Amino acid sequence: MRDYEPGKMKKVPFTGIRRVLEKATKLEAEGKSVIHFEMGQPDFDTPENIKEAAKRALDQGVTSYSSNYGYPKLRQAIADKLEKMNKIKADPATEIMVTAGGEEAVAVAIFGMLEAGDQVILADPGYIPYASLVKIAEAIPVTVPLVEEKNYTFDMEKLEAAVTDKTKMLILSTPGNPTGTMMDGESLSRLAEICKKHDLLVLADEAYEQVLYDGNQHVSFASLPDMWERTITIQSFSKTYSMCGWRIGYIAAPAYLIRTMVRAHQTMLMSACSFGQMGALEALTGPQDSLHEMLAEFDRRRLLMYNGLTELGIPCNRPQAAFYLFPDISEFGMGSFEFAEYLLDNYGVAAVPGVEFGQAGENHLRISYANSYEKCQEGLARIRRCVEDLRAGIRK
Ligand SMILES: Cc1ncc(COP(=O)(O)O)c(C=O)c1O
């Protein structure tokens with residue numbers, strides 16, 4: 001029998017996050033205690049009013065396909081939200097499309113807009129699926145390292161040097177996974193200039209746009225002067241409303257881009273989950289108290305973890321958004337993969353090796369504090385023991 005797996009899929013790895021989770025689950029099944037810092041989803045339940053709205057929709061028979069673009073009422077609510085919170089003016093009839101989470105939105109933008117051989121600029125470290133999706137589309141990912149010392153923004157000269165006549169798209173992810181940081185206004189303006197000069201299409205993944213701390217304000221790339229016409233904005237209900245399993249997100253982009261992407265979406269998905277869309281409508285139009293409560297709790301954990309690591313002398317950029325820390329563990333000379341395994345096997349802490357997010361993430365760990373305050377305290381105590389042991393020359 002021939003090898004049916006195409007070469008392009010051989011280049012697409014299983015995500016490292018899943019690998020860590022599987023190993024951690026196996027250890028737990030053997031009776032070991034594990035603190036989970038590997039998961040990238042809020043540990044809160046979806047707010048009750050959102051669940052009730054979806055249940056009502058089910059009872060009322062909202063169970064068929066919606067328009068490929070999503071229900072008009074939800075698109076109108078999204079348009080209102082974008083105008084109020086993101087300074088983006090999008091026509092709900094032609095410039096908004098509801099998708100199965102931000103992930104399908106990213107896939108639709110990549111499959112719908114790229115051709116084989118197109119080059120795409122990606123940040124390193126960055127969200128793992130971008131490069132995989134680009135490879136499945138037979139386009140070419142070109143990574144540009146982010147500068148840790150500059151709060152993980154691009155070195156603009158390096159970024160511009162990576163642009164060729166084949167570069168079609170820049171994928172911008174701010175607030176960023178895995179770093180939990182945000183690009184500042186000056187960097188975004190400079191990026192806008194580069195995109196204009198080289199006529200680049202921008203995929204702005206804003207999955208974490210509302211998970212912010214310290215009074216930080218998110219700036220949507222599409223709201224910058226002249227950027228709307230070349231920007232595909234992606235947002236999601238997953239992180240903001242603790243709705244990861246609902247699979248509802250959306251794209252806002254000029255009608256000429258949506259017209260192309262909706263054909264990829266109708267071919268792959270038809271339409272996003274019908275009653276899920278009704279829950280999403282309630283999320284946008286109902287009370288926002290649960291969001292504020294979730295953010296207050298995340299903030300407590302963020303400060304606990306950040307202060308704890310800093311006191312331990314582990315270098316770490318202060319997270320501004322999302323629920324991740326990206327500490328530098330180069331002191332221990334193990335590399336991120338080995339260190340993550342060592343920490344899990346010997347101290348029962350599951351975190352993701354930084355190298356999973358790209359070569360520039362080597363010597364870092366991604367720690368997600370989407371776990372209870374008590375578990376964060378316990379995880380931090382275990383990390384402290386590991387670090388103190390290693391510094392004392394005790395290697396298990
Ligand atoms: C940067 C980023 N973009 C997009 C997504 C996809 O999220 P969803 O499909 O649940 O909206 C994630 C999920 O972790 C993410 O971290």
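Note that the structure is predicted; figures quoted are calculated from it, not measured.

## Focus on the pairing of strand 9 (residues 249-252)
Residues Gly-249 and Ile-251 of strand 9 are buried on one face, and the alternating residues Tyr-250 and Ala-252, pointing to the opposite face, are buried as well. As judged from the 4 bridges shared by strand 8 (residues 231-236) and strand 9, these two strands associate in the antiparallel manner. The partner of Thr-233 across the bridge, within strand 9, is Ala-252.

## Description of the packing of aromatic side chains
For the structure on display, the rule yields 13 aromatic pairs. Measuring from ring centre to ring centre gives 6.2 Å for Tyr-342 and Tyr-347, while their planes differ by 55°; the resulting arrangement is tilted. For the pair formed by Tyr-342 and Tyr-347, the shared burial category is buried. Pairwise contacts between aromatic rings join Phe-44, Tyr-208, Phe-298, Phe-323, Tyr-324 and Tyr-369 into one cluster. Just above the ring of Tyr-373 sits the side chain of Arg-300; from NZ or CZ to the centre is 4.0 Å. Sitting over the ring of Tyr-342, Arg-395 keeps its end group 5.2 Å from the ring centre.

## Things to note about the site of the ligand
Near the ligand, the surroundings consist of 14 residues, among which Gly-102, Asp-205, Ser-236, Ser-238 and Lys-239 are the closest. Here an oxygen atom of the ligand and a backbone polar atom of Glu-103 are 2.9 Å apart. Across the complex, the protein chains shield 93% of the 400 Å² of accessible surface that the ligand would expose by itself. The biggest single contributor to the shell around the ligand is helix 5 (residues 101-113), with 3 residues.

## Things to note about the pattern of salt bridges
Evaluated as defined, the whole model comprises 25 salt bridges. The residue Lys-23 makes a salt bridge to Glu-341 at a minimum N-O spacing of 3.4 Å. In this pair, Lys-23 sits in helix 2 (residues 16-29) while Glu-341 sits in helix 12 (residues 336-347), placing the two residues 318 residues apart along the sequence. Residue classification places Lys-23 among the partly exposed positions, given a relative accessible area of 27%.

## Focus: the packing of helix 2 against helix 12
Direction vectors running N to C along helix 2 and helix 12 enclose 20°, while the axes themselves pass 11 Å from each other. Put simply, helix 2 runs roughly parallel to helix 12. Judged by the sense of rotation from one axis to the other, the crossing of helix 2 with helix 12 is right-handed. Residue-level inspection shows Arg-19, Val-20, Lys-23, Ala-24 and Leu-27 of helix 2 in contact with helix 12, the latter providing Phe-337, Glu-341, Leu-344 and Asp-345. Taken together, the residues of the contact of helix 2 with helix 12 break down into 5 nonpolar, no polar and 4 charged.

## Section: the domain arrangement of the chain
By convention, interface size is frequently given as the accessible area that disappears when the constituent parts associate. Taken as a whole, the chain is organised into domain 1 (7-45 + 289-391) and domain 2 (49-285). Centre-to-centre, using C-alpha coordinates, domain 1 lies 25 Å away from domain 2. Taken together, the contacts link 39 residues of domain 1 with 33 residues of domain 2. With both chains or domains summed, domain 1 and domain 2 bury close to 3,100 Å², and 55% of this area falls on carbon and sulfur atoms. Per-residue buried area on domain 1 facing domain 2 is highest for Asn-317, Gln-320 and Phe-357; these three make up 22% of the total on that side. In this structure, the connection of domain 1 to domain 2 is made through 3 salt bridges. Of the charged contacts in the structure, one is a salt bridge between Arg-318 and Asp-214, with a shortest N-O distance of 3.1 Å. Between domain 1 and domain 2 we count 22 residue pairs in polar contact (both at pLDDT 80 or more) in total. Elements with a minimum of two residues in the side of domain 1 that touches domain 2: helix 1 (7-10), helix 2, helix 11 (289-311) and strand 10 (324-325). When residues of the side of domain 1 that touches domain 2 are assigned to their parent elements, the largest contribution, 6 residues, is made by helix 11. For the side of domain 1 that touches domain 2, the per-class residue count stands at 20 nonpolar, 10 polar and 9 charged.

## With respect to helix 2
The end-to-end C-alpha separation of helix 2 is 20 Å, in line with the 20 Å expected for 14 residues at 1.5 Å each. Within helix 2 the residues assigned to the buried category are Gly-16, Ile-17, Val-20, Leu-21, Ala-24 and Leu-27. Along the axis of helix 2, the buried positions cluster into a sector of 135°, meaning they face one direction only. Opposite the packed face of helix 2, turned more than 90 degrees from it, sit the exposed residues Glu-22, Lys-26 and Ala-29. Along its buried surface, helix 2 packs onto strand 1 (35-36), helix 12, strand 11 (349-350), strand 12 (352-353) and strand 13 (365-368). One or two steps after helix 2, the chain reaches Gly-31, where phi turns positive at roughly 95°.

## A word on the sheet that holds strand 10
Spatial strand order, 10-13-12: 3 strands in an open sheet with antiparallel pairing. Across the chains shown, the open sheet's two edge strands, defined by having one partner strand only, are strand 10 and strand 12. Direction of pairing for strand 12 relative to strand 13: antiparallel, over a ladder of 2 bridges. Counterpart to Val-352 in the pairing with strand 13 is Arg-366.

## Thoughts on the nonpolar core
Residues Phe-323, Phe-339, Ile-367 and Ile-383 are the most contacted members of the largest nonpolar core, which totals 42 residues. Elements supplying a minimum of two residues to this core: helix 11, strand 10, helix 12, strand 13 and helix 13 (373-391). Examining the composition of this core, we find that 8 residues originate from one element, helix 11, more than from any other. Built from parts of two domains, this core gets at least three residues from each of domain 1 (7-45 + 289-391) and domain 2 (49-285). In this structure, Ile-367 is in contact with Phe-37, Met-305, Leu-309, Phe-323, Tyr-324, Leu-325, Pro-327, Ala-351 and Ile-383, ignoring residues within four places of it in sequence. Membership of the second largest hydrophobic core comes to 29 residues, among which are Ala-105, Val-106, Met-113 and Leu-122.

What counts, and at which threshold
Numbering of residues starts from 1 in each chain and follows the order in which that chain's sequence is written. Given that this is a predicted model, residues contribute local features only at a pLDDT of at least 70 and side-chain atom pairs are listed and counted only at 80 or more, while totals for whole chains, interfaces and linings are drawn from all residues. The side-chain numbers reported here are obtained from all heavy atoms of the structure, hydrogens and water having been left aside. A 1.4 Å probe rolled over the protein chains alone gives each residue an accessible area, and that area as a share of the maximum for its type sets the label: buried under 20%, exposed over 50%, partly exposed in between. Each helix is a run of DSSP H or I of at least 4 residues and each strand a run of E of at least 2, with the numbering of both proceeding from the N terminus. At least two DSSP bridges between two strands are needed for those strands to be called paired. Here is the rule: rings of Phe, Tyr and Trp (six-membered ring for Trp) pair when centre to centre is within 6.5 Å. Planes less than 30 degrees apart are stacked, more than 60 are edge-to-face, and the remainder are tilted. A ring is considered to have a charge above it if a Lys NZ or an Arg CZ atom is located within 6 Å of its centre and within 35 degrees of its normal. In this text, near means that some heavy atom of the residue lies within 4 Å of the molecule or strand in question. Polar contact criterion, stated in full: a pair of N or O atoms within 3.5 Å, where within protein one must be able to donate a hydrogen and the other to accept it, and residues adjacent in sequence count only if both atoms are side-chain atoms. In this description, accessible areas are obtained by the Shrake-Rupley approach with a 1.4 Å probe, and a residue is regarded as covered only by the protein chains that are shown. Only one rule defines a salt bridge in this text: a Lys or Arg side-chain nitrogen within 4 Å of an Asp or Glu carboxyl oxygen. Here an angle of 0 to 180 degrees is reported between the N-to-C directions of two axes, which are lines fitted to C-alpha atoms, with helices fitted over the stretch in contact. When describing relative orientation, an angle under 35 degrees is termed roughly parallel and one over 145 degrees roughly antiparallel, while 65 to 115 degrees is termed roughly perpendicular and anything else oblique. For any helix crossing, the convention is left-handed if the near helix is rotated counterclockwise from the far helix by under a right angle, and right-handed if that rotation is clockwise. By definition, residues are in contact when any of their heavy atoms lie within 4.5 Å. Throughout this entry, Asp, Glu, Lys and Arg are counted as charged residues, while Ala, Val, Leu, Ile, Met, Phe, Trp, Tyr, Cys and Pro are counted as nonpolar. The remaining residues, Gly among them, count as polar. Throughout the structure description, domain borders are defined by an automatic or database domain assignment. Note on terms: buried area is the combined drop in 1.4 Å-probe accessible area of two parts once they are placed together, counting the loss on both. Multiply 1.5 Å by the residue count of a helix minus one, and that product is the helix's expected span. Comment: arc refers to directions from the helix axis out to C-beta atoms. Joining through side-chain atoms within 4.5 Å is the link that ties buried Ala, Val, Leu, Ile, Met, Phe, Trp, Tyr and Cys residues into a set, and such a set is a nonpolar core.

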